[in-house]
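One-letter residues, chain by chain:
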Amino acid sequence: MSNRSKELTGNRERWVSETLNPALKKSAERAESFTTVSDYPIERLATPEDIAGIDPAIDLGMPGEYPFTRGVHPTMYRGKLWTMRQFSGFGSAADTNERYKYLLSQGQTGLSVAFDLPTLMGRDSDDPMALGEVGREGVAIDTLADMERLFSGISLDRISTSMTINSPAAVLLAMYLAVAEKQGVGADNLDGTLQNDILKEYIAQKEWIYPPRPSLRIITDIMGYCARNVPRWNTISISGYHIREAGSTAVQELAFTLADGIGYVQAGIEAGIDVDTFAPRLSFFFNAHNDFFEELCKLRAARRIWARIMRERFQAKDPRSWKLRTHVQTAGCSLTAQQPYNNIVRVTIQALAAVMGGTQSLHTNSMDETLALPSEMAVTIALRTQQVIAEESGVAGTIDPLAGSYFVENLTNRMEKDALRYIERIDEMGGIVAAIEAGFPQREIAEASYHYQMQIDRGEKAIVGVNKHIAAAEQEPHAIPILKIAMSVEREQLDSLARVRAERDNIRVERALVSLERAAAGTENLMPHILEAVRSYASVGEICSRMKRVFGEYREQPVL
Amino acid sequence: MTTATKQRKIRLLVGKVGLDGHDRGAKIVARALRDAGFEVIYSGLHQTPEMVVNTAIQEDVDAVALSILSGAHLTLLPRVLALLAEKGAPDIALVAGGIIPDEDIAELKRAGVLAVFTPGASTQEIIDFVRGQVHPRRD
């Protein structure tokens, strides 16, 4: 032990005996132990001893430099604020188009498309399983005609678009490319992100079509195609968001997301694509829950772990391959239906954590999301929340201001260590696909989610308005206006799909689908075939069901 | 044996209808009800109303508890009620949970849904409800 660290230890011990213990004797603390939202134990006081093992040059680095703990850009928000990107989509393509134009006029800087459940599952609006779901949780897209309406009057070379779509991602990307063609915008001029993260679907979000292995083949086809033709497109947004929403802890979110990332990189390399051609286009998507420090430390740890994995494990040479760029969304599962206005405050804390954690883009949830899809008023407050943080709070003026905090650096280290332990276990199981097939992440999440609910039910974890500080029924401000989706949306969408089917060249459609099916059975890249099918106005359901013939369908063994 | 004097355990089907993949709540409720001593069958995801009703009848349950967070409740739940009646099991109670606005709750109750639990409901509340309001259909 060096003299310096002896001195620090001595100082702490002296404080404990001279100051702390007498105070504790007089009045005990509020609880015997304190934990984060994820039930991570936290100490009373972090001290210089807690960061004694950190070498700032190696473990933190400088902004824009390996291992990017302090951020992926050299100037961070001094250069450019994060992208304010509100996820949005409901009803028909025309309804959503109107909301997009509104959001862009209010200063939003990127679009983020929410598709309805039938689209997410690769089914058409007239599929029997789509009953009651058309346009309800997102926008209904059946054919290119819908996609043309969705982006009508919006120049695709002027915006960046994120599309939350996974199993049918290749089809929706092809539709976006086809709309760009019609607008005369070259594919090399397109900016955007495809979620395209099928692994977390099996783990958490549960919107799948095909089994894991053929799904990975489609993903590597997209990575290969985009590397050649759509160079600025982010091909996968590796998502912890849904893992967390499904009830995981922060560390599990961190670990399983990065393990998914490792799975994609591995698949790309095995498909023969050079790691440095696709890795720079991988991006991430994390959750921001209520626990301020846990969330920002999670993001700092994520960047450091990813940088080291990419450089050391996968031998990536291009520094862009080492950077974990991420989108963050505040935690939907943290919002309460009780006293919904309180959600504005929760979202503010969560958004601030995301910014202090160095996110590249951010979605702030609307206060009414436990009741319905957001109303225009609610989504405007959510966007304004980001604007207040950006323009008024002062936090965007200096880079990674919490670095060096005894508590923050120590918590970052602990979360990193625990996440790496999970990743090691997954490696021992044979990688993430094998772990998913064995139900491992699913079981860990179900366990954590049940544990958390029990803590809430027993009052061990407080939720204001739900199990603490409950308002009397008559004080409960329920009457916030909520968005209603007209029942007519489904009818109109079915009519419009029928019209497209009647008017298109059905011989061209069939020819495209046959060649797609043949390509799926072989090994050639599927993207050109999907593009041709989309251009011929084949529907999402028609394209996906042809591939299903070759790839089969995924069935889950539910884990309680 | 005293089977005649002892009521059989309440049997419940906890399920997810439609394409909605949000199964966190349904799984927690299924597990909490099982831990509370009920017999619980969990349907898994992506069930149609027909599948749910067939399972409910085959498994001879006393109540069906369906979770919907996709907004399809006004279409799917009345369909389940109609199918239960059609297949001669109108006495199987239907309970719902999920993201369901207040005014829709009133409509669902008028249609015959016994209760609707929304975000913030505790598992204890749900257990107490089942104890008090769900009865074995026959011994």
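Details of the structure are given in the entry above.
Residues numbered from 1 in each chain as written. Chains lettered and ligands numbered in written order. Predicted model: local features only at pLDDT ≥ 70, side-chain atom pairs only at ≥ 80, totals over all residues.

Novice: For helix α1 (residues 3-26) of chain A, give the residues involved together with the corresponding values.
Specialist: Along an α-helix, residues three or four positions apart point the same way, because every turn accommodates 3.6 residues. All names here are of chain A. Here α1 contains 24 residues, and its C-alpha end-to-end distance of 34 Å stays within 8% of the 34 Å for a straight helix at 1.5 Å per residue. Residue L20 marks the point of greatest curvature in α1, where the axis turns by about 40°; the proline P22 follows within four residues. Of all the 24 residues making up α1, zero are buried; the element is thus mostly uncovered. (Helix = DSSP H or I, 4+ residues; strand = E, 2+ residues; numbered from the N terminus. Expected span 1.5 Å × (residues − 1). Bend = angle between axes of the 7 residues up to and from the residue. Buried ≥ 20, exposed ≤ 12 C-beta atoms within 10 Å, placed from the backbone.)

Novice: Which residues make up the interface of chain B and chain A, and what values do they have?
Specialist: Contacts between chain B and chain A engage 28 residues on the former and 32 residues on the latter. When residues of the side of chain B that touches chain A are traced back to their parent elements, those giving at least two are α1 (24-35), α3 (73-86) and α5 (123-133) of chain B. The biggest single contributor to the side of chain B that touches chain A is α1(B), with five residues. Residues of the side of chain B that touches chain A, tallied by class, amount to 10 nonpolar, 12 polar and six charged. (Contact = placed C-beta atoms within 7 Å. Nonpolar A, V, L, I, M, F, W, Y, C, P; charged D, E, K, R; others polar.)

Novice: Now, about the sheet that holds strand β11 (residues 326-330) of chain A: what can you tell me, with residues and values included?
Specialist: All names here are of chain A. Taken together, five strands build an open sheet; the order of strands is β3-β12-β11-β10-β9 and the sheet is parallel. In the strand order of this sheet, the two ends are held by β3 (83-84) and β9 (236-239), each with one partner. One ladder, built from two bridges, connects β3 with strand β12 (residues 361-363); its direction is parallel. The partner of T83 across the bridge, within β12, is S361. Sheet contacts for helix α11 (residues 250-270): β9 and β10 (282-288); angle to β9, the most-contacted strand, approximately 145°. Here helix α13 (residues 292-313) sits on the sheet and contacts β10 and β11; the angle it forms with β10, its principal contact strand, is near 165°. (Pairing = 2+ DSSP bridges. Axes fitted to C-alpha atoms, helices over the stretch in contact; angles between N-to-C directions.)

Novice: Explain unusual backbone geometry to me, using residue names and the numbers behind them.
Specialist: Leave glycine aside and you will find that most residues have negative phi; peptide bonds, for their part, are mostly trans. Cis geometry is found at the peptide bond from A:Y66 to A:P67, where omega equals -5°. Its identity is not glycine, yet A:M76 carries a phi of approximately 40°, on the positive side. Within the fold, A:M76 resides in helix α3 (residues 76-79). Positive phi values are uncommon outside glycine, yet B:D60 reaches one of about 55°. Summarising the element assignment, B:D60 is placed in the loop between α2 (49-58) and β3 (63-68).

Novice: Give a detailed account of the sheet that holds strand β5 (residues 115-117) of chain B, specifying residues and quantitative values.
Specialist: Residues and elements named next belong to chain B. Pairing within the open sheet is parallel, and its five strands lie in the order β2-β1-β3-β4-β5. Each having just a single partner strand, β2 (39-42) and β5 make up the two edges of the open sheet. This sheet shows a mean twist of 20° between the axes of neighbouring strands, independent of strand direction. Alignment of strand β1 (residues 11-16) against β2, held across four bridges, turns out to be parallel. Each bridged residue has a counterpart across the sheet, and for V14 the counterpart in β2 is Y42. Set on the sheet, α3 makes contact with β3 and β4 (93-98); between it and β4 the angle comes to about 165°.

Novice: Got a sec to walk through the nonpolar core? Specific residues and values, please.
Specialist: Considering soluble globular proteins, one finds that nonpolar side chains tend to be buried as a cluster. A:I530 and B:V64 are the most contacted members of the largest nonpolar core, which has 193 residues in total. In contact with A:I530, not counting residues within four places along its chain, are A:A170, A:V171, A:A174, A:L516 and A:I543. (Core = buried A, V, L, I, M, F, W, Y, C linked by C-beta atoms within 7 Å.)

Novice: Please provide a residue-by-residue account of the pairing of β10(A), values included.
Specialist: All names here are of chain A. Buried residues dominate β10, accounting for seven of its seven residues. The alternating pattern of β10 places L282, F284, F286 and A288 and S283, F285 and N287 on opposite faces, both of which are buried. Where β9 meets β10, four bridges bridge the pair, whose relative direction is parallel. Within β10, the position partnered with S239 by the bridge is F285. As judged from the five bridges shared by β10 and β11, these two strands associate in the parallel manner. Residue pairing across strands places F286 opposite V328, the latter belonging to β11.

Novice: Talk me through the pairing of strand β6 (residues 160-164) of chain A; I want residue IDs and the actual numbers.
Specialist: All names here are of chain A. Buried residues dominate β6, accounting for four of its five residues. Inspection of the sheet shows strand β5 (residues 111-114) paired to β6 by four bridges, in the parallel sense. Pairing of L111 across the sheet is with T161, part of β6. Here four bridges tie β6 to strand β7 (residues 191-194), and the two strands are oriented parallel to one another. Pairing of T161 across the sheet is with G192, part of β7. One crossover worth recording links β6 to the parallel β7 by way of helix α7 (residues 169-183), and it is right-handed. (Right-handed = clockwise from strand over helix to strand, strands pointing away.)

Novice: Lay out the packing of helix α9 (residues 212-229) of chain A against α11(A) with the relevant residues and their values.
Specialist: Residues and elements named next belong to chain A. Relative orientation of the contacting elements α9 and α11 amounts to 70°, with a least axis distance of 10 Å. What the angle tells us is that α9 and α11 run roughly perpendicular. Counting all contacts with α9, which are made through L216, I219, T220 and M223, the residues of α11 involved are Y264, A267 and G268. A class-by-class count of the residues in the contact of α9 with α11 yields five nonpolar, two polar and no charged. (Parallel < 35°, antiparallel > 145°, perpendicular 65-115°, else oblique.)

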